[in-house]
Structures are given as C-alpha cells and as structure tokens.
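Examination of the molecular architecture
Here is what each chain is made of, one letter per residue.
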Amino acid sequence: MRDDELLFLQEQLEATELLACATCRQETLHAHVEVLERYAQATELLMECTACGTRRLWLQQDIPN
C-alpha cells in the first residue's frame, strides 16, 4: 500500500466514532459527514451509520488544550 493510500485510510478512520445506532440497534461506526455548528465548548456534527446509512446529529464536547 502506498503512503498516500495509508494516510487517506487513517484519516477516514479518525473521522469515525463507535456509537449506538437507533436503526441497527447495535454499536456501529458512524462517519462524520458534516460540521453543522461550532459552539464555545462543543461542535455539532452530522453523523452517518456506516452499516445502514441512517444519519443523526451528534454534539461533541470540545476539550480545551
């Protein structure tokens, strides 16, 4: 595998989270589709289940450095 392919796959994996899917009724990987809003201490994301394609909103708490 070429370095650029490996880097792309790593970036794709980092843009996923293991979440409980309301449709699948199991924990599945959800991909970050879009950043909807940035707040002072949180980011609102549109997430998509990689198993069934169901989309949902997700509020991610931002941890200050």
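Notes on the pattern of salt bridges
Oppositely charged side chains are able to pair whenever their charged atoms sit close together. Within this structure, the stated rule accounts for two salt bridges. Salt-bridge contacts for Asp4 lead to Arg2; the nearest nitrogen and oxygen are separated by 3.0 Å. Judged by relative accessible area, which is 45%, Asp4 ranks as partly exposed. Overall, the relative accessible area of 53% leaves Arg2 in the exposed class. A salt bridge links Arg55 to Glu48; the shortest N-O distance between them is 2.7 Å. Among the residues examined, Arg55 registers a relative accessible area of 48% and is labelled partly exposed.

Some details on unusual backbone geometry
Even without a glycine there, the phi angle at Arg25 is positive, about 65°. Judged by relative accessible area, which is 73%, Arg25 ranks as exposed.

Parameters and conventions
Residues numbered from 1 in each chain as written. Predicted model: local features only at pLDDT ≥ 70, side-chain atom pairs only at ≥ 80, totals over all residues. Heavy atoms only, no water. Salt bridge = Lys/Arg side-chain N within 4 Å of Asp/Glu carboxyl O. Buried < 20%, exposed > 50% of the residue type's maximum accessible area, 1.4 Å probe, protein only.

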